[in-house]
Amino acid sequence: MAQLVEVRWHGRGGQGAKTAGYILAVAAAEQGKQVQAFPEYGAERRGAPMRSYVRISDAPIRLRCAVRSPEVVIVLDDTLLETEDVTSGLVDGGWVIVNSSASPAEVKSRMGSPNVRVATVDATRISLETIGRNIPNTPMLGALARLRPDLVDLEGAKAAVRATLGGKLSEAVLQSNYQAVDRAYEEVQTE
Amino acid sequence: MGKLRPMEGNEAIAEAMRQINPDVVAAYPITPSTEAVQIFARFVADGQVDTNYVAVESEHSAMSACIAASLAGGRVMNVTASQGLALMWEMLYIAASLRSTVVLSVANRALSGNINIHCDHSDAMGARDAGWLQLYGENVQEAYDNAIQAVVIAEREDVRLPVMNCYDGFLVSHSYELLEVEEDEAVREFVGPYKPVRPLLDVQNPYTIGPLDLYDFYHEHKRSQWEAYRPAKQAVIEVGKAFGERFGRSYGLLEPYFLDDAELVIVALGSTAGIVKDIVEQRREGGERVGLLKIRSFRPFPAEEIADALGSARALAVMDRAAGFGSGFGTLYPEVAAALYAGGKQVPVVDYIYGLGGRMVLPEEIHQVYNELAPVAASGHPEQLTRWLGVRE
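The structure reproduced in this document is the subject of the present report.

Rules used in this analysis
Residues numbered from 1 in each chain as written. Chains lettered and ligands numbered in written order. Predicted model: local features only at pLDDT ≥ 70, side-chain atom pairs only at ≥ 80, totals over all residues. Heavy atoms only, no water. Phe/Tyr/Trp six-rings, centres within 6.5 Å; stacked < 30°, edge-to-face > 60°. Buried < 20%, exposed > 50% of the residue type's maximum accessible area, 1.4 Å probe, protein only. Lys NZ or Arg CZ within 6 Å of the ring centre and 35° of its normal. Contact = heavy atoms within 4.5 Å. Buried area = accessible area lost by both parts, 1.4 Å probe. Salt bridge = Lys/Arg side-chain N within 4 Å of Asp/Glu carboxyl O. Polar contact = N/O pair within 3.5 Å; in protein donor to acceptor, adjacent residues only side chain to side chain. Helix = DSSP H or I, 4+ residues; strand = E, 2+ residues; numbered from the N terminus. Nonpolar A, V, L, I, M, F, W, Y, C, P; charged D, E, K, R; others polar. Pairing = 2+ DSSP bridges. Axes fitted to C-alpha atoms, helices over the stretch in contact; angles between N-to-C directions.

Things to note about the packing of aromatic side chains
Here comes step 1: As enumerated under the stated definition, the model contains 12 aromatic pairs over all chains in all.
Here comes step 2: Summarising the aromatic geometry, the rings of B:Phe243 and B:Tyr251 are spaced 5.9 Å apart at their centres and angled 65° between planes, so their arrangement reads as edge-to-face. Residue B:Phe243 shares its accessibility class with B:Tyr251, and that shared class is buried.
Here comes step 3: Look at B:Phe329 and B:Tyr333: their rings are 4.4 Å apart centre to centre, the planes differ by 10°, and that puts the pair in the stacked class.
Here comes step 4: Relative accessible area serves as the criterion here: at 22%, B:Phe329 is assigned to the partly exposed category.
Here comes step 5: Joined through ring pairs, the aromatic side chains of B:Phe190, B:Phe243, B:Phe247 and B:Tyr251 make up one cluster.
Here comes step 6: The lysine or arginine in question, A:Lys158, covers the ring of A:Tyr178, its NZ or CZ lying 5.8 Å from the ring centre.

Considerations on the interface of chain B and chain A
Here comes step 1: With 26 residues of chain B at the interface, the matching set in chain A holds 23 residues.
Here comes step 2: A combined buried area of about 1,900 Å² lies between chain B and chain A, and 57% of that area is made up of carbon and sulfur atoms.
Here comes step 3: With a closest N to O distance of 2.7 Å, B:Glu364 and A:Arg68 form a salt bridge.
Here comes step 4: At the surface where chain B touches chain A, the tally comes to 10 residue pairs in polar contact (both at pLDDT 80 or more).
Here comes step 5: For the side of chain B that touches chain A, the secondary-structure elements that each account for two or more residues are strand 1 (3–8), strand 8 (176–181), helix 11 (272–285) and helix 14 (363–379) of chain B.
Here comes step 6: A breakdown of the residues in the side of chain B that touches chain A according to their chemical character gives 13 nonpolar, six polar and seven charged.
Here comes step 7: Bridge count between strand 2 (residues 34–40) of chain A and strand 8 of chain B: two bridges; the pairing is antiparallel. Looking at strand 8 of chain B, one finds that A:Ala37 is bridged to B:Tyr176.

Some details on the sheet that holds strand 9 (residues 254–257) of chain B
Residue and element names in this part refer to chain B.
Here comes step 1: The six strands lie next to each other as 9-11-10-13-16-17, forming an open sheet whose pairing is mixed. Both outer strands of the open sheet, strand 9 and strand 17 (386–388), are each paired with one neighbouring strand and no more. Here the strands of the sheet are splayed against their neighbours by 20° on average, with no regard to which way each runs.
Here comes step 2: Bridge analysis of strand 9 against strand 11 (residues 290–295) gives four bridges, and the strand direction is antiparallel. For Glu255, the partnering residue across the bridge sits in strand 11 and is Lys294.

Let's talk about the sheet that holds strand 2 (residues 24–27) of chain B
Residues and elements named next belong to chain B.
Here comes step 1: Taken together, the seven strands give an open sheet; going across it, the order is 3-2-4-5-7-6-12, and neighbouring strands pair in mixed fashion. With one partner strand each, in any of the chains shown, strand 3 (52–55) and strand 12 (297–299) form the two edges of the open sheet. Between one strand axis and the next, the sheet turns by 20° as a mean value, whatever way the strands run.
Here comes step 2: Examined bridge by bridge, strand 6 (residues 133–136) and strand 7 (residues 163–168) share four bridges and lie parallel to one another. Note that in strand 7 the partner of Leu135 across the bridge is Asn165.

Quick look at the structure:
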């Protein structure tokens, strides 16, 4: 892994981008990495576009600004593709993982940037079918684990979900989140 | 050796408070410090602490209750920010003048107007002359460590002054980082039991506090309060050293970073110091003699120590995250400049007002500051003393 890896989540208020960033940070910390995760708040409200940022490094992380050169961008809501510049600063060959029922090629055609790799997974449907609610954040971690296992692997993602949400969710709901992570890992599509 | 746990800044403050187990917390939560109070209130509800938690109807009442509880003989903590601190303003002076030992964590946030919830230092700087000690932390770890040390410093018999534990709103309060959490027992041992001096609840020895105090004695009382900040400075040093001996992380009034031979130096408070450290390392690799002086203790202000620490500097930039309206400078600049003048140091100093209302500090902006300092060092005369960094004009 490079010395500093940046990940940016795009979501809407209430979709869990902040929590997902924290879970990813927990997973990386578990591997002995230095981590930083923080949301970008505006006048936050449910449904409004928001971002959260994760930095993972072997060295102490002292930057405090927004993530500007992500290796991975995760989009929790594909309607943001039209309103947010999701590929901004994405490194060449970086991944954009989008929660969408469309194919990667279709989603890529909606973006202006050719040098990115696009993956899609229908995290909304997966979360509805497993957790019973539209909370696409934990399945997106499964998709990430498939594409960037150096950042988080499948077991690490699930352990971090438990470490972060274990106190708040019942065992049954945790298990359904595990299923969501597993299914997104299996179902994520690349070009 | 503590345990490494990922934690948000506010969670770390609540964790320190749980370990310290104060007698009284009287709080009125406010963004971006809300979660610290919220999490601590849960510790109270779950019986994990013995604290008497007082839900009040405003920050003015919060501070009033804190002062009363402290003078009654209790160990008292609280958390606030921005408008909340502003509403406490008149009580802040009373807290210090009556020698209460309240520890107030402040998630630094801009003041209205316009309404802004993000970080700058206007709130704490507005209280700089209130008589409180002010420590500034750079990251989640320092916010936690400072919360613990603040209690010991405040309660030392030769200090007995309230302490603000300042940590940058959102930038630290909402940043999820690895925190070395010390053992409960070790923290409790480090802070020790509170031994109040002349508590009001000692009904066998009643006395009056805060009475009318006119021109026959007020002047002398302020003189004696003035004297308290010298032992306070010593306490910050000694407690920081003792903390290092116990937990392996030492603290002082200042944190010099590559300062010994530094010619171009940035002076900063809070989380910005971390960004500057990154840039210092990068430029040092290119052979540039650049450094950072992080001020940890803004009150008491280490004027002599600052003048001593800047021995090799040929040009300085002071990073000001609060505009001192009408002064022509930010709020930190005049203090640093006075320290240098009083210490007989003739160094050109430039003021940079930056990051107001949470405007993010970019690495290239810190590079810009060092780039602009080079000609100042060469000529010895800055053409423009006060500059605004990252402003659209």
